[in-house]
Amino acid sequence: MKFKSLMHKVMAAMLALPLIPSLAHAFQAAPARRADYNGWTPHEHWDAVWHETMLDITVLGVVFAIITIAFMVMYVRKGHGERGKLPSLTNQAKIGWVVIPCMLFLGDDLFLYVKGFDLHNHYREVPTNAVEVKLTGSMWNWNYVDVNGIDSDNELVVKQGTPVVLRMVSDDVLHSHYMTRYRVTEDLMPGRITWQWFMPDQLGESVATCREYCGTQHSGMYGKIIVKSAADYDAYVAEQTASVPSVTGVAKAATAADQI
Amino acid sequence: MSGFMGHEPDGKPGQPKTVKEWVFTLDHKVIGVWYLIGSIASFVVAGLAATAMRIELGSVGPDITDNGDIYNLWLTMHGAVMILGFQIPALLGFVANWAVPIMVGGKDMAFPRVNAMSVWLLWSGILLALLNLVIPDSYNGMWTGYPPYSLTDAVGNTALYSSVVIILGMSSVFGAVNLACTVAFMRCKGMGWFQMPLTVWCVFTANVIQLIFVPVLAASVLLLSMDKYLGFGFYNPEVGGDVLLYQNLFWFYSHPAVYVILLPFMGILFEIFAVSARNDVFNYKATVWATIAFIPVSSDVWVHHAYVAGLPDWLRLLQTFTTLLISLPFGLLMLSLTGTMYRGAIRYTGPMWWAVGAFFMLIIGALTGIPNALSAIDYGISDSYVIMSHFHYVMAVSGGMAIFAGVFFWFPKLTGRMCNSFMTKLTAAGFFIGMNIVMGPLYFAGMEGMPRRYMDYQMYADNATIVSAQHWSTIGIYITFVSALLMIVVWLHGAIAGEKATSANPWGSQSLEFTATAIIPGQGNFPTPVSVPEGWHPYNFIDNPKPEFEPHPGHTGGHH
Ligand code: HEM
Ligand SMILES: [Cu+2]
Ligand SMILES: [Cu+2]
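Parameters at a glance
Residues numbered from 1 in each chain as written. Chains lettered and ligands numbered in written order. Predicted model: local features only at pLDDT ≥ 70, side-chain atom pairs only at ≥ 80, totals over all residues. Heavy atoms only, no water. Donors = N, O, S within 2.8 Å, 3.2 Å for Na, K, Ca; no water. Tetrahedral: all angles 85-135°; square planar, octahedral: opposite > 155°, others 65-115°. Helix = DSSP H or I, 4+ residues; strand = E, 2+ residues; numbered from the N terminus. Buried < 20%, exposed > 50% of the residue type's maximum accessible area, 1.4 Å probe, protein only. Pairing = 2+ DSSP bridges. Axes fitted to C-alpha atoms, helices over the stretch in contact; angles between N-to-C directions. Core = buried A, V, L, I, M, F, W, Y, C linked by side-chain atoms within 4.5 Å. Contact = heavy atoms within 4.5 Å. Domains from an automatic or database assignment. Buried area = accessible area lost by both parts, 1.4 Å probe. Salt bridge = Lys/Arg side-chain N within 4 Å of Asp/Glu carboxyl O. Phe/Tyr/Trp six-rings, centres within 6.5 Å; stacked < 30°, edge-to-face > 60°.

A.B. asks: Can you walk me through the coordination of the iron atom of ligand 1 in this structure?
C.D. replies: Working reference: metal with six octahedral donors, ideal angles 90 or 180 degrees; metal with four tetrahedral donors, ideal angle 109.5 degrees. Residues and elements named next belong to chain B. Distances from the iron atom of ligand 1 to its protein donors, namely H78 (NE2) and H392 (NE2), fall within the range 2.0 Å. What the six donor atoms of the iron atom of ligand 1 show is an angle range of 86 to 179 degrees at the metal, which sorts the shape as octahedral. Pair noted here: H78 is in helix α3 (residues 68-103) and H392 is in helix α14 (residues 385-415), with a separation of 314 residues, a long-range link. Like H78, the residue H392 is buried in the burial classification.

Encoded structure:
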C-alpha cells in the first residue's frame, strides 16, 4: 500500500520532467542575454531561433511520420477476415496516454516560448542610440524623412552600425513595411502610429516590400534600404542637405516630430 | 408517429424522381447532395482562379495579365469561394446533412424545413458571389475585407461582400442550430453520447463553434457596409473609429473558423482510418474530449493573425502562449489517428488513399504552424509565402483531400454505384504529388521573403530561390489540375456507369449509415426506427452486437 502510493508520487513527478529543460533555460539564460543578446542583431537572433524551431519541428515530424509509416506497412490486412487487434486500455493507460503526451507537447511549447519571448523583447526594445526616421505609407509609395530632413521616396539611406527606428503611419489604407534583410514587419495604418527598428550591419542594398494588401499596385510597392559607411554617409548627408533648401527640410523634420 | 415530411419512413430507395421533388425536397440526404454539388462547383470555380494565378506567377513579369485588378479579383474569388463555398459547405453542409443524421440513427434532421432554407441560402450566397465576376465594380478586397481599403471606392462593391458573408453566415447559423438539435435529440434509442462516431462529434463541436462566433463575423462586416454607405465611422479614424477594431472582430471569428474546417475533416479521417484498419479508435473518449477542448482553446488565439498590426506587446506575448497550447488537443487527435493504425488490419481502398494523403499533408501543415505561433518569428514571415504554404498544407490540401476521401467513402450510398478503384487511387496520388510540388517550394520562397497577394515579384527577380520556386510551383499546378479534373470524371463516370454496389456496406463499416440502411438509404433512412443494443460501438469491429429494428407497424408481434 505505502509502496504503491510512493510509486504514484514518483510517477507524477516524472510527468513534470519535460518541463525542466525549458524552465531551466528561462531562468539561466534570460538576464544575461537581455543585456546584449550575445552581440547579435535582431535578424541574426531571428535566424538562430528560426533554425532551432525548424530543427524542432523536423525532428518531431520525421519521428511521427516514421512511426505512422511503420504502422501502415506492418499492419496491412492479411486474410479476408482479419480484424484489428488494438489492445484495450486500462483506465490508467487512458489517462496516461493523455497526460504524458500533453506534458511532452507542453514542454516543447515552453521551450519554444522562452526563445520566442527573448527574441520578441529583442525586437521590441529600441537601443538608446537609435536614430529616428519617419515613414509614411500611401498607395503605393514609401516616404522616408530622416532626422537630417532628407525626404525621399522608396529609398532610405542609413549609416552602418547605427540602429534605426522607423515611426510609421499611413496616409490612406493599411500597408506593412517589411525589410527582407532585417526580418522585421509592422503594419502602417491611419490613425495610429506604429514602429519597428533594425540594425544596419552590412554595407549594401536590400529590399523593403509591402506586406499588407493595399490594392492594384500592392506588389509594386517596394523600396530600397541602402547602408553606407560612416564617411560615405556623412558625404551623402552633406550633399543632400546642400541641395535641399534647408527651411523645408527642417519644417518637414519638425512636422515629422510633431506627428510622432 | 408521423414523419416530419408528412409521410411514414419506409426505407425504400427514396431518390426524388421529378425536378420539382429534387428542388423542393425536405429530405436531409437530398439536401446534403445539393450542398455537395454547390461545394464541388465552388471548388471548380475557385480552382480555375488558382490555376490562373499560378500561371501568372510562373515567371517574373506579366504572363497572362498585367492588370493588378484582375489578379486581385482572382485571388479574392479564390480565397472566399474556397473557404465559404467549398470547404465549409462540404463539411458542415454535405457531411453534416447527409451523414450525421443517419450516423446517429435519426430519420432526418431535427428541422427539415429550416434545413431546406439553409441550403437555399447557401446557393443564393454562392450565386451572389459569382456575380462578382461580371459586375462592373467587382469587389477585390480579399476574403478578409480589411478597412480602410474596403471602405474606399477602389475596392469595388463592399455591399456585395458584406451580403455574401451575412447570407452564408445565416445559412451556417441555421444549419448549426439544426445540427446541434439533431445530435442532441434525434439519436436513436440506445445511442449514448460516447457511442457516436467521431465524425458526428467533430461536426457537432464545429457547429457549436459556428454558433458562438459567426454572429461576430456578421456584425463586423455589417459595420463595414454601414461605414461605407451610411457614413458611420466604426472603422474610420477620422471620426474617432479604429481600423484595428475590424481585425479583432474578424479574427475572433475567423481563427475559430479554421477549426470549423479542421475538426470535421479530421472526423472523416477517423472514420476512414478506423474502417480501413478495422480497428478501434485509439483512446476514443480522450479523443472526444480533445475535440471539445478546441472550443475554449480556439477562442483566445485570434491575435496571432495580427502580431504585426501594432497591438500591445503583452497581448502578442500572451496569445503566443495560448496559440502554442493548441498543440495539446491537436496532438492528441494526431496521436489517436496514428494509434488507430496500431495492430490494425489495414486495407488500402480508394478512399483510404485519399485519407492517407490528407494525413501526411496534415502532419506537414500542423508542424509548419508552430514557428508561426511565435510572435517574434512572425516578424520575419508575416504575410509571406511561408504562411501561404502552411495554410494550404494544413487546411486547403489536407482538408480538400479529406473531403474528397469522404465523397469517395460515401459515394456508394449516394449513387448505389462504385467509383473505379484504380482511378480513385491514381487521382489521389496525382493530387498529392501535384500539391506538394505546388506548395513545397513556396515555403522556401517565403523564407527568402516572397510576400503573399503579389501578382508579380520584380523586386526579387535576382533571387534564384524565389524564381525557381515559383517556376516549379507552376509546373505542379498542371499535375494537380489534371488530377482534380480526372477525379471529377471518375465521380461522373461512377455515378452514371459505375459498377453497381452489391453490398450496403462495401467498406465494412460498423456505423449505422452502412449497417442499417439499404444500398441507397430511403425515405426516413431506416426500414423501421432503428436502435442500438447495449455495448454497441461504431468502432467495435470484433463482436459488435447488431443494430435492432422496431417491428414494422404492419406486422404485429413478429419478433424473432
Ligand atoms: C487546388 C489547388 C490550389 C492552388 C494551386 C492554390 C493556389 C493559391 C495561390 C496561388 C494563392 C495566392 C497566393 C498569393 O498571391 O498570395 C492562394 C491563396 C489562397 N488559397 Fe489557395 N490554392 C489551392 C487550393 C486552395 C483550397 C482548397 C483552399 C481552401 C480553403 C485555398 C484557400 C486559399 C486562401 C484562403 C488563400 C488566401 C487568399 C488571400 O490571400 O486572401 N486554396 N492559393
Ligand atoms: Cu501593400
Ligand atoms: Cu488563427
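The structure having been displayed, the exposition proceeds.
A.B. asks: Would you explain the sheet that holds strand β9 (residues 204-210) of chain A in this entry?
C.D. replies: In a beta sheet, neighbouring strands are held together by backbone hydrogen bonds and run either parallel or antiparallel to one another. Residue and element names in this part refer to chain A. Ordered in space as β4-β10-β9-β6-β7, the five strands form an open sheet in which the pairing is mixed. Every other strand in the sheet has two partners, leaving β4 (155-159) and β7 (184-188) as the edge strands with one partner each. Geometrically, the sheet is characterised by an average inter-axis angle of 25 degrees between neighbouring strands, direction not taken into account. With five bridges joining them, strand β6 (residues 175-179) and β7 adopt antiparallel strand pairing. Residue pairing across strands places H175 opposite L188, the latter belonging to β7.

A.B. asks: Explain the coordination of the copper ion (ligand 2) to me, please; I cannot follow it from the model alone.
C.D. replies: Residues and elements named next belong to chain A. Within the protein, C210 (SG), E212 (O), C214 (SG) and H218 (ND1) serve as the donor atoms for the copper ion (ligand 2), at 2.1 to 2.5 Å. One can describe the site at the copper ion (ligand 2) as tetrahedral: its four donor atoms subtend angles covering 88 to 130 degrees at the metal. Each donor residue of the copper ion (ligand 2) lies on the same chain, and together they follow the pattern C-x1-E-x1-C-x3-H. Judged by relative accessible area, C210 falls into the buried class, the value being 0%. With relative accessibility at 1%, the residue H218 sits in the buried group.

A.B. asks: Explain the nonpolar core here, please?
C.D. replies: Where a protein is soluble and globular, its nonpolar side chains tend to be buried together. F404 and W410 of chain B are the most contacted members of the largest nonpolar core, which totals 236 residues. If near-sequence neighbours (up to four positions away) are discounted, W410 of chain B is found in contact with F94, V95, W98, A99, M103, T199, I268, E513 and F514 of chain B. Among the nonpolar cores identified, the runner-up in size contains six residues, and I150, Y233, Y236 and V237 of chain A belong to it.

A.B. asks: Even after reading the chapter, I still don't get the domain arrangement of chain A, so can you show me in this structure?
C.D. replies: Bring the parts together and some accessible area is lost; that lost area is often taken as the interface size. All names here are of chain A. Each assigned domain of chain A is listed here: domain 1 (6-77 + 87-124) and domain 2 (131-259). Each partner contributes to the interface: domain 1 provides nine residues, whereas domain 2 provides nine residues. For the pair domain 1 and domain 2, the two sides together bury roughly 860 Å², of which 54% comes from carbon and sulfur. Together, H43, Y123 and R124 form the three largest contributors to the area buried by domain 1 at its contact with domain 2, with a combined 66%. At the junction of domain 1 with domain 2, the criterion picks out one salt bridge.

A.B. asks: Teacher, can you tell me more about the pattern of salt bridges here?
C.D. replies: For side chains of opposite charge, pairing can occur when their charged atoms come near one another. For the coordinates displayed, the defined rule picks out 10 salt bridges over all chains. Residue D242 of chain B is joined to R192 of chain A by a salt bridge in which the shortest nitrogen-to-oxygen separation is 2.4 Å. With D242 of chain B in the loop between α6 (198-230) and α7 (243-277) and R192 of chain A in the loop between β7 and β8 (194-198), this residue pair bridges two chains. Overall, the relative accessible area of 23% leaves D242 of chain B in the partly exposed class. Overall, R192 of chain A belongs to the partly exposed group, its relative accessible area being 31%. The partner of D383 of chain B in a salt bridge is R452 of chain B, and the shortest N-O contact between them spans 3.7 Å. Placement of D383 of chain B in the loop between α13 (375-381) and α14 and of R452 of chain B in the loop between α15 (421-447) and α16 (464-497) is noted, with a sequence separation of 69 residues between them. D383 of chain B gets classed as buried once you look at its relative accessible area, which sits at 17%.

A.B. asks: When you look at the packing of aromatic side chains in this model, what are you seeing that I'm missing?
C.D. replies: A ring pair, where both rings are aromatic, is described by two values, the distance of the centres and the angle of the planes. Applying the stated criterion across every chain yields a total of 49 aromatic pairs over all chains. Summarising the aromatic geometry, the rings of F64 of chain A and F359 of chain B are spaced 6.2 Å apart at their centres and angled 45 degrees between planes, so their arrangement reads as tilted. Placement of F64 of chain A in helix α3 (residues 42-74) and of F359 of chain B in helix α11 (residues 350-367) is noted, with the two residues assigned to different chains. A centroid spacing of 5.3 Å and a plane angle of 70 degrees characterise the contact between Y113 of chain A and F321 of chain B, whose relative ring orientation is edge-to-face. On the criterion of chain membership, the pair formed by Y113 of chain A in helix α4 (residues 91-124) and F321 of chain B in helix α9 (residues 313-325) is interchain, its members lying in two chains. Look at Y113 of chain A and you get buried, because its relative accessible area is 15%. Here the aromatic residues F43, F86, W354, F404, F408, F431 and W491 of chain B are joined through ring pairs into a cluster of three or more.

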